[in-house]
Amino acid sequence: MQLGAVNWFYFAAPQRFYRLAGQLLPWCFVLASLLAVWGLYIGLWLAPTDAQQGEAYRIIFVHVPVAWMSMVVYLAMAGWAGVGLVFNSRLASMMACALAPTGALMTFLALWTGALWGKPTWGAWWVWDARLTSELVLLFLYIGFMSLHAAIDDPRRADRAAGLLALVGVVNVPIIYFSVKWWNTLHQGASVSLTKSPSMASTMLLGMLVMALACWAYCIAAALLRVRSIIVEREAHTAWVQDLARSA
Amino acid sequence: MSAVTHPKQPAALPVGLLAAVQCIFVRDLRLALRRRADSLSAMLFFVMVVSLFPLGVGPEPGLLRSMAPGVVWVAALLSSMLSLSRLFADDHQDGTLEQLLLGAHPLAFLVLGKIAAHWIGSGLMLTLIAPLLALQFDLAADACGVLVLSLLLGTPVLSLIGAIGAALTVGLRGGSVLLSLLVLPLAVPVLVFGAGAVQAYQAGLGFSAHFSLLGAGLLVSLVAAPWVVAAGLRIALE
C-alpha cells in the first residue's frame, strides 16, 4: 500500500465494523429521535395550513421523506450488493441484506401514508397511477430480494444471487422517480426540486427536510443494528464472536 | 499432454461460436419437440386462464372487448412463467449446465441459444394462438393484428427477463413459485406497454410509442439479459 493512502478496506473486516457500528448506533438513534421531534413540531404546529388541501396535507412530512428513503435505501442496497459482487466482500453483502427490511418498511410506509393522504384529497385509498404502481413494484422487488436470500441455504451464494437480483431491479428506481414527469398522472408532481425554487412555504420545506434527515438517521441506525446481528450470526464460529458471547 | 505422446488424437475441433449457439438452439428445440406435453400444457393453461375471465366477470361483449388485450397479455405472462422453471432445471440435473460453464465459449451466447429455443416453444406458440382467443372476446380483426405484433415484440422480453429468474433459482426448493415472485415485478413494464398498445389502438390513438418502447425493451434485454443469466448460473453452480 502507498504511504499515506487511505485503506478503504480497513472496516471491511466484520470484526472491526461490528465495533464501529456499535459506536455509531446510539448517536444515529439519538439523532433520528431529536430530528423527528423537531421535524414533527415544525410540521404539525408551525407549518401553515395548506390553501387547497387544508390540514390533510400534513402527512406530507412523513409521506415524502419515507418515499425518498424507499428509493435511496434501494440504491444503497444495490450499491452494497454490487460492491459485494465485485470485491467479493462479505461485509458489503451483509449491509445489502441488512438494508432490505428497512427499505421494504419505508416502501410500505410510503404506500400506507399515501393511501391515508389519498382518501381525503382524491377520494380513494388507491388509484392505479404510475407512481403508486411503480412504488408497489419496488415493494415486490424488496420482497423478492429477501425471499431469494431466504431460499438459498448457503449464505455466500444467497448474497451473490440476491445481489444480482438487486442490481437488475435498479431499473425500477428511475421509473418511480420520473413517473410523475413522464406520465400525466393523478399523483402530484415533485414538491421539491434542486433546479427550481420550491413550490411551497419555507416552513413546510424546512419541516420536510428535517424529517428527511430524521429518516436518513433512522435508516442508518436500523441497518447498523441489523448488520451487527447478521455479523454475529454469520461469524458465530469465529473466536472473537465466541469471546464476545462469553464476556456478555 | 503433448501431441507427441498421443499422435493419433485429432486436434481439438474448433467449433465456432455461432455453430455452438446453433447447436444448443437446435438441441433445445429437439428436446422441446420430444417433450411436447410440457409446451402443450402451458398452452392449455393459457387458453384456460383466458376462458376463465368471461365466466368470472360476465359475458357482456363491450366489457370483454375492452378487457381482451389485458386479459390475453396477463395470461401470456403467467403461462410463460410456467415453462420458465424448466429452462435450466433439466440441464442442471443431468450436468449439462456444468459442461456449458466449463466450455470455451462465452456462456452468455450459449444461454442466448437456450432462451431463443425456449421462446419458440412458449412465447411464439402463445402469440400464434392469441388471435383465436381474441376472437372469443370479440376483438376486431385489425386490433387482433396489433395484439399479435405486441406479443411478438413482448414475449421475447418475457423469456429474456424470465431466464434471469430461472438462473437465480436453479436447483432451489420451491424454485418455481419463487421464480414467479422474482420475475413478475420485472415483467410489469412489458405487460403495461404490450396491453397498452392494443388499448391505444382500440381508442383510436397511435400505438407506435408503445411499440417503440417494447422494441427498446427487447433490444436492451437482448444485450443485457444473457450476461446477467450467465452470471446467475455461475453463482448457482459454483
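About the cut-offs
Residues numbered from 1 in each chain as written. Chains lettered and ligands numbered in written order. Predicted model: local features only at pLDDT ≥ 70, side-chain atom pairs only at ≥ 80, totals over all residues. Helix = DSSP H or I, 4+ residues; strand = E, 2+ residues; numbered from the N terminus. Contact = placed C-beta atoms within 7 Å. Buried ≥ 20, exposed ≤ 12 C-beta atoms within 10 Å, placed from the backbone. Nonpolar A, V, L, I, M, F, W, Y, C, P; charged D, E, K, R; others polar. pLDDT = per-residue confidence, 0-100. Axes fitted to C-alpha atoms, helices over the stretch in contact; angles between N-to-C directions. Parallel < 35°, antiparallel > 145°, perpendicular 65-115°, else oblique. Left-handed = near helix turned anticlockwise from the far one by under 90°. Arc of directions from axis to C-beta.

S.K.: Just checking my understanding: could you explain the overall build of chain B for this structure?
M.R.: What chain B contains, in helices and strands, is ten helices and zero strands. Counting from the amino terminus, helix and strand elements in chain B follow one another as α-α-α-α-α-α-α-α-α-α. Projected onto its principal axes, the C-alpha coordinates of chain B cover approximately 80 × 35 × 30 Å. Residue pairs at least 24 apart in sequence account for 81% of intrachain contacts in chain B once pairs closer than 6 positions are excluded.

S.K.: Would you explain the overall build of chain A in this entry?
M.R.: When you go through chain A residue by residue, the secondary structure sums to eight helices and zero strands. In sequence order, chain A lays out its α and β elements as α-α-α-α-α-α-α-α. Expressed as lengths along the three principal axes of its C-alpha atoms, the size of chain A is roughly 60 × 40 × 35 Å. Taking all 248 residues of chain A together, 38% fall into the buried category.

S.K.: Teacher, can you tell me more about unusual backbone geometry here?
M.R.: Across the chain, the bulk of peptide bonds are trans and the bulk of non-glycine residues have phi less than zero. Notably, A:Asn88 is not glycine yet its phi reads approximately 55°, a positive angle. Residue placement: A:Asn88 occurs in the loop between α2 (60-87) and α3 (90-122). With 12 C-beta atoms counted inside 10 Å, the residue A:Asn88 sits in the exposed group. Even without being a glycine, B:Asp138 presents a positive backbone phi close to 60°. Relative to the elements of secondary structure, B:Asp138 occurs in the loop between α7 (123-136) and α8 (141-168).

S.K.: How should the interface of chain B and chain A be read in this particular structure?
M.R.: With 16 residues of chain B at the interface, the matching set in chain A holds 14 residues. Elements with a contribution of two residues or more to the side of chain B that touches chain A: α8, α9 (175-202) and α10 (208-237) of chain B. By residue number, the principal contributor to the side of chain B that touches chain A is α9(B), which donates six residues. Among the residues making up the side of chain B that touches chain A, the classes are represented as 13 nonpolar, two polar and one charged.

S.K.: Any chance you could explain the confidence of the model for chain B here in plain terms?
M.R.: The predicted model of chain B averages 88 in pLDDT, with 94% of residues at 70 or higher. Confidence metrics for the complex model read pTM 0.88 and ipTM 0.85.

S.K.: I'm lost on the packing of helix α4 (residues 130-151) of chain A against helix α5 (residues 155-169) of chain A in this one. Help?
M.R.: The packing of two helices is summarised by the inter-axis angle and the distance between the axes. All names here are of chain A. Remark: α4 packs on α5, axes separated minimally by 8 Å, with the N-to-C direction vectors making an angle of 165°. In terms of orientation, α4 and α5 fall into the roughly antiparallel class. Of the two elements, α4 crosses α5, and the hand of that crossing is right-handed. Here Leu141, Gly144, Phe145, Leu148 and His149 of α4 come into contact with α5, specifically with Ala158, Ala161, Ala162, Leu165, Ala166 and Gly169. Across the contact of α4 with α5, the residue classes break down as eight nonpolar, three polar and no charged.

S.K.: Would you explain helix α4 (residues 86-93) of chain B in this entry?
M.R.: Helical periodicity: at 3.6 residues per turn, an α-helix aligns residues three or four positions apart in one direction. Residue and element names in this part refer to chain B. Residues of α4 that are buried: Leu87, Phe88 and Asp91. All buried residues of α4 fall inside an arc of 65° around its axis, so they share one side. Residues of α4 that are buried sit in contact with α3 (61-84), α5 (96-102), α6 (107-121), α8 and α10. Of the residues flanking the end of α4, it is Gly95, one or two places downstream, whose phi is positive at about 85°.

S.K.: Looking at this structure, I do not really get the packing of α9(B) against α10(B). What am I missing?
M.R.: All names here are of chain B. At a minimum axis distance of 9 Å, the contact between α9 and α10 shows a crossing angle of 155°. Compared by their axis directions, α9 and α10 come out roughly antiparallel. For the pair α9 and α10, the sense of crossing is left-handed. Residues Pro189, Val190, Phe193, Gly194, Gly196, Ala197 and Ala200 of α9 form the contact with α10, whose own contacting residues are His210, Phe211, Leu213, Leu214 and Gly217. For the contact of α9 with α10, the class distribution of residues is eight nonpolar, four polar and no charged.

S.K.: Where do I start with the environment of B:Ser122 in this structure?
M.R.: All names here are of chain B. Counting through the fold element by element, Ser122 comes out in the loop between α6 and α7. Note on Ser122: 28 C-beta atoms within 10 Å, which makes it buried. Remark: the alpha-carbon pair of Ser122 and Gly165, spanning 43 residues in sequence, is separated by 16 Å. If we ignore the near neighbours within four places in the chain, the residues touching Ser122 are Ser39, Ala42, Ser80, Ser83 and Ser159.

S.K.: I'm lost on the environment of A:Val72 in this one. Help?
M.R.: Here A:Val72 shows up in helix α2. Residues A:Val72 and A:Ala150, 78 residues apart in the sequence, show an inter-C-alpha distance of 23 Å.

S.K.: Hey, could you run me through the confidence of the model for chain A in this one?
M.R.: A low pLDDT score tells you not to read the predicted coordinates there in detail. Across chain A, the average pLDDT comes to 87, with 92% of residues at 70 or higher. Taken element by element, the predicted model of chain A shows its lowest mean pLDDT in helix α6 (residues 172-182) of chain A (77) and its highest in α2(A) (93).

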